[in-house]
Structures are given as C-alpha cells and as structure tokens.
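Per-entry structural report
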Amino acid sequence: MSSVQQRNCGPKLLCRNDIKQMIMEKLLLDRTGGSNCSVICINAGSGHGKTSLLHALYNDKLLTDTFDKRIWIQLSDRLDMSMLFRKIVEGAMNDHCSITNLGCLQEMVKEEFSDKKFLLFWDDADIEDQQFWNTVLDVLNAGAKGSAVIMATRSSTVCTFMDMTAQFYILNPLSEENNLMLLQQYAAMGTDIQSNPVLLMVAKRFISMFGTNPLNLKAIGGLLCHAESISFEMDILEGSVMPLQLCHDVLPIHLKKCLAFCSLFPEGYIFDKHHMVLKWIAHGCVKSVEGRELEDVGIEYFNELLCRSFVQYSPIGNDKDDKFVMHELVYKVVESVARDKYYKSEDLLNSVPENILHLSLVSSQFQNVELMSKTKELNDLQTFMVVQPEWQPHKISFPTLNLASLHDFFLKFTSLETLDLSHTDTKELPGSIVGLRNLQYLSVSNTSIKSLPCELCGLSNLQTLEAKDCRFLTELPGETKNLLKLRHLDLTRDLGHVQLPQGIGQLIDLQTLPVFHASSDPSHCSVSELGNLHNLRGCLRLSGLENVKLGSKAQEANLKDKHHLKDLTLQWHDGGININDDDEDEDTENVAEQMLESLQPHTNLQELAIRGYEGSVFPTWMQESCFLPNLVSLTLDGCCNCTEFPAIAQMPSLKFLRVRKMYGVQRLITNNIHGSAIKFPSLELLNLWEMYGLEELFEASEGDCPLLRKVCISRCPDLKRLPCATSVIELVLHCGRELPDIPELVSLVSLKIEGFHGVKSFSLPALPALKKVEIRSCKELVSVDGLSALTTVQRLKIAGCPKLVLPITDSSLTT
C-alpha cells in the first residue's frame, strides 16, 4: 500500500449521527418537566466516541443559534465544586475568575444564567458523588426554560445520580458496516474496501480484533495509511492486545520524539499547533530538508500525527482552528514510553528524579519554588517549562509560580535548549542567562518583567523569543540585532507596544513578527527596516504610522513582495482618532495618502485592517479587485476623513466586512458599479458601527450577496433602509433614532433590536423563517405591528421595554 500524502483529517462525526439527531430533537423540541435545566448523559468507555459526539453537538450551527450561551468544560478527578463553578463563570464571562468562595461563585453562576437559555458541555464527568451533582444542578436551574447540560462519562454510576427526567444514551459497539466506514476514512486506501476482496478480508480481521473501540480502528487506519504493505502490518498486528502501543512503536524516531515532548503537558491540555512546532524545532525533533523551512517540515510532522490519530482537533474548536488535544488513551501510551527522560511535575514539593532531561512544572495556584532544591538530583537539563494546567480561551494574567534562584539555575544547567517561564512571577532575568549557549527557545510571556538583559543578545543560537503580554516591558536591548538566527519574535500586547531597537532589519531570517511599531526616534526601528525581512509570515500589525513623516519612506518596507504575509494591520495613532491643527490637516492627509499607497500588500493577503487612517481617499490598490483577489476579511476602523467607501464590491473572496467610525460616508456602494456584476459574491458577515452619516448601504439586485448570513448594524442613526439580501439568517440592529425599514428577508431566523430609545412603534414585514426575536432597551416602544403574524417564532424575549404591550399571548413563545 502506498502512503497517502494528502488526506482530509478534519473532525468528522462517524456512525453516531442517529444519536446526535435524537439529542438535537430533545434540545430543540422538548420543553416538558419541572426543571429549567435538563440533563443528557452519554455513557461509554474511553475511546468509544463520547467526545466526538459532544464536539459535533457543540459546533452545530442550529444549536449555536438557539442558545444564548454555550460553554465547554473539561472535568477531571481533581475537580472540586468551587473549581467547577469557577470554570462555568469563566466560560460565561470569557474571562479569568480569581474568586474561590463557593457561595460567591454559585451566586455569580445564577446571575450569569438568569433569564438565559444556556447549553453546557461536560466531558469526562466521572465524579461519583451524588451530592456534588445535586448541588450543581440545583444552581443551574436559575437559567431559562429549555437550558440543558450534556455530559459524557465513563461511569455508569454517575448516570444514576441524575434527575429522573434525564435522558441517557449508551454508545454501544459499532456495527461491522460502520466500522468499515471508520477504517475506510482513516486508512484512506485510495479504493473502496468493500469492492476489494483482499482489503475486505483484512479489514474484517482488524474489526474482529479491535472493533470494540473506535479509537483503535482510527489508529490502525492511520498506520495502514503510511504502511508500505498490508501484509507487513497484518504480521505485526496479529495477536496484539494493545494496538495504540503498537502504532506508537512503529512510528519513525522523529515522530516518537515529537510525541514524547507532548508528555510534558498535562493530560487533556489544549495546545496550539504552531507553538508546538516551534518547541519541537528547539527540541531537535525536526530534521532539516534541503530547500524547505524547518517550520514547514514541522507542520508536516504534525499533520502526519493528526492523520495517525495521535492528536485530534480540540473539542471546542473546528478544523479551521489550530487548537488540538491528545486523547487520554494515547496520552497514557506516550507518557509511559517517555517517562525515563521526560518529567511533568505537578507536586512541586518533591524533587525531580535523576536522569531527567526534560522538565515541566504544572500549577494552577500561586506557589514559591526553590529551583535548586527541586532539581538537586539532576546533572543535565535540556528543557525547562512552566505550564498552565489547561489552555483557556481567555488570557490569564495572574502568575502561578515564583521561581527562586534563577541565577544559580542558569549557571548549573548550561545545556538548556528550551526555556519557558510564561505565567511566572519573574521580574527580571539574571545576566547568567548568557551561559545558555545552546538556548533556541525562550518565552517570558505574561510575566512582570520590565526589561531583558543585554546579555541575552549573546545567545547566538536563539531562534524564538516570546515576550507577549508583558505589561511592564517597553523596549528590547539595543544589541538585539546580534541575534542573527532569530526566526520568531513575538512582542504582542493588548495595550501599548514594545520599542524595537535600530537594526532589526538585519535579522533576515525572521518569519514571525506580529507587531512592528514605526518610531521617529533614530535609536529605534524605522519602517524602512521591514524591507529586508523578506521571509515574514502570518500576521503583521504595523503601528505608529503617524511617526512616518515622508510617505515615500513606507515604500521601502516593500510589503508588496512579502508573499507569505496573510494578515496585515496598518495603524495610525493606535487606531484612535487624531485631532490636528487646521494648518496641519492637509499635510497630514497627503503624507498618509502617499504612505497607504506605498504600503500595497502582496496579492496573497487574506486579512487586512486599516485603523486610524488620516487620509481622505483610499489607495488605487483598494479600488480594483485584481489587487486583492484572495482577501477574505477587511476591517476599516477610524478612517474618519474618508467620505467615499473603497470600491470593494467585486472582491471575489471577501467574506467578512467590518466598518467603524467613517462618519462622512453616506453609501457603502455608489450606483456606478461595473456593468451587471454581482455585488459581494462571497460576503458572509457585515458589521457596521458608528457610521453617523450613513443613509443607505446599497441597492441589492437579484443575485447580489448570495452568501450573506449575518448583518450587525450599531449606531448608524441616519440609516433609512436595509438591502433585500434574501440569504440573511441573522440581523442585529443596535442604537439609533429610527429603526431602518426591514425588507422581506425570507431566510431570516434571528432578529435582535436593541437601544432604539425614542422609537414608539415599528412594523415587521413577512418573515416566514423567523424563529427567534429579541427586543431590548426600547424605552418608549408601545407597539410592534406585524409581530402577531409571525407564526414561526419559537422564542420571543423582551426586556427594558416598559410601555410595550404585546398584541397576543402565545403559549408557544418563550419570553
């Protein structure tokens, strides 16, 4: 069998669609019972597809549209009630919660869920304590009618603790037919198994041996995909009782090393693909290939492990995200093999066993760690990392560890290749770091560090330097230009910027530079230094453009030739509005216009944001679709001097358009559009904020905006009417003097109207698909004509409208 190089390894729900459909019907249609929050319990052994089923439900668009809040929580045996409620609060607020008092957390959950229809997903809910679940479910009843918890558990005992009205689903072994489908997808043999007698015989033998656990078949399918012959794999699989162990044992050595490194992270940890690849490179896992970048080779390794089912997509993401996780059964195999050299320390009081070469410290609570005492048994160390116990969708700014005696630690372990001090209480790096001559990866992200020592610039092998979200760090050492092997420099932060010293343009191997602040100070980096950085990839936020006094200087940045750049932000005045003296306005506008014209990106660009632009006209390269044929997302924010919108209606790939604070624009598109071309052929999302002069979007003809799904308009008080884009599913109108005329949007499912304080009445047209209506904070609203005719509406929510009298009371509506 030849190895298949290109496969679709994205997350798919295989063979459980019948159960998914039953659960969907329960969530969408069942409103019986006395509790506001119902429970659905999925019971099966490890590897039988519980998480995949939860994943498919979590990402189902119909459920996303139906519930107000949707939260995924990974449980564990170490989880107590306070931790669970804190996770719920964090998921509801999308922010870190430092409160630990159980009573306060319970009240916060009730407040967050009050009058909201929520959907909670609990994976690995194996806590066998009836009082625990009774208390949790009692608090969750504060939510609106129709709220639900979907929990996956290996324990049949947990299911007996649930309310009598709970629904239970047991994932039984798959049928032979479904197992064949599973093996077919993951083996990707290039031919239909059922039409090939030899393959069918082999497949049935695999199923008879390993078919009780779908994860085993996925792993075997990945093994076959990369095998030279079926007969060889049959020989080694015959009689095996641990297929996951076997599939690991036959991996190439470089992939085994990559997996071993992953054992330094906690079980269930959600990691970022690109960050993991950078650590693999520093770890020496990635072999050099002539004519290819190490990062590309590393991504290929990662994709192979994904296809072999050693890693899988994160349950709370999708196949477009770069977040992944290792299944618990796979993790146990990897951990058992790697434990001689790789050690994950979760008990920070004990010392580390001797012979360990790679060490991580895992902690969720602030602790002091005496490094020299903890590592006294070690003679050598190549990797040292501090790891958060789990990935969070929000940033955690609170340190977890205070590491004492870093100076002595660096003096002892001079062979370190990877050093990650993120989320520690580190305030400074000792100068003894200069002795780490082999160091290739250094991260001090989210620490209290104020400056980096000049000795750092002597680390001639350093390839990755991360100092993200360091709120006290203002500049890099002046000799940073000496780090000639540096490939990744990430100084991203929410507020402010880190000044780059002069000479950054000499780091010609740089691939990652998410933030570049142009400075007028001659000791700092000027925009022209970008010109030499031909290998930049991914995203670049070019800020401080108000400091560039000659528009021609921007041309030296040579953005047009940076064909690996996918995401570009051009920013004046930190994206805010600059108020100049009248006599300076014209010169400022001219310089800004020349500059933006000179900053034309490569045609490969996919995302573009322009913020705080001081010019009054947009450049020629934004007026023709041929200049940006691959642009998917466009954001225009604070371009206050512009009165004409750029001619972007024919951009073939544009899916997301966001516009804010363009006060003088009256129409998005003028009528002199080329011929009868379709407007916005790929647009899916349109967001408009604070467009105070906007009167009309555009006149939609038949065929225009065929893919437009969501329209959000906020603070556009002069907007008179909306275009009739028949594909729109969701419409949000926020804050205005008068409600714009809503056309007959035949596909509209969800409508939200909020903050029209002076409006006394408005009319709704025929909206045959409408299911969800929300009207909030319309203080003078008395009546809504046409509401009683919307017979398809299932959920009606009204809040902050004290004068509104509904025309009818319909028991089928939820208010």
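Quick notes on the rules
Residues numbered from 1 in each chain as written. Predicted model: local features only at pLDDT ≥ 70, side-chain atom pairs only at ≥ 80, totals over all residues. Heavy atoms only, no water. Helix = DSSP H or I, 4+ residues; strand = E, 2+ residues; numbered from the N terminus. Buried < 20%, exposed > 50% of the residue type's maximum accessible area, 1.4 Å probe, protein only. Polar contact = N/O pair within 3.5 Å; in protein donor to acceptor, adjacent residues only side chain to side chain. Contact = heavy atoms within 4.5 Å. Phe/Tyr/Trp six-rings, centres within 6.5 Å; stacked < 30°, edge-to-face > 60°. Lys NZ or Arg CZ within 6 Å of the ring centre and 35° of its normal. pLDDT = per-residue confidence, 0-100. Axes fitted to C-alpha atoms, helices over the stretch in contact; angles between N-to-C directions. Left-handed = near helix turned anticlockwise from the far one by under 90°. Nonpolar A, V, L, I, M, F, W, Y, C, P; charged D, E, K, R; others polar. Pairing = 2+ DSSP bridges.

Mapped onto the elements of the fold, D425 is located in the loop between strand 14 (418-420) and strand 15 (441-443). By relative accessible area, which is 18% here, D425 ends up buried. At a separation of 3.2 Å, a polar atom in the side chain of D425 contacts the side chain of K427. When neighbours within four sequence positions are excluded, D425 is seen to be in contact with F366, P399, L401, N402 and S448.

If you walk through the whole model with that rule in mind, you get 19 aromatic pairs. Judged by centre distance (6.0 Å) and plane angle (15°), the ring pair of W72 and F121 falls under stacked. You can see W72 sitting in strand 2 (residues 69-74) and its partner F121 sitting in strand 3 (residues 118-123), a full 49 residues away along the chain. Each member of the pair, W72 together with F121, is buried. Here the aromatic residues F271, W280, F302, Y313 and F324 are joined through ring pairs into a cluster of three or more. The side chain of R70 reaches across the aromatic face of Y58, ending 4.1 Å from its centre. For K117, the ring lying beneath its charged end belongs to F67, and the centroid distance is 5.1 Å.

Low pLDDT means the predicted coordinates in that region are not meant to be read closely. With 90% of its residues at a pLDDT of at least 70, the protein chain reaches an overall mean of 87. When the criterion is pLDDT under 50, residues 1-11 qualifies, and its contacts beyond four places in sequence or with other chains add up to 30 contacts. For the stretch residues 809-815, pLDDT sits under 50, and the model shows 12 contacts to residues farther than four places along the chain or on other chains.

Looking now at the packing of helix 9 (residues 197-210) against helix 10 (residues 214-225). Between helix 9 and helix 10, whose axes approach to 10 Å, the crossing angle comes to 145°. The handedness of the crossing between helix 9 and helix 10 is right-handed. Contact residues: helix 9 offers F206, I207 and F210, while helix 10 offers N216, L217, I220 and L224. A class-by-class count of the residues in the contact of helix 9 with helix 10 yields 6 nonpolar, 1 polar and no charged.

Right, let's talk about the environment of C97 for a bit. Its place among the elements puts C97 in the loop between helix 4 (81-93) and helix 5 (102-113). Residues C97 and R86, 11 residues apart in the sequence, show an inter-C-alpha distance of 6.5 Å. Contact partners of C97, with chain neighbours within four places excluded, come to R86, V89, E90, L105 and M108.

The next thing to look at is the sheet that holds strand 8 (residues 323-325). The strands that make up a sheet pair up through hydrogen bonds in the backbone, lying either parallel or antiparallel. Here 3 strands make up an open sheet; going across it, the order is 6-8-7 and the pairing antiparallel. At either margin of the open sheet sits one strand with a lone partner, and together these are strand 6 (271-272) and strand 7 (312-313). Judged from the 2 bridges that link them, strand 7 and strand 8 form a sheet pairing that is antiparallel. Bridging from a neighbouring strand, Y313 pairs with F324 of strand 8.

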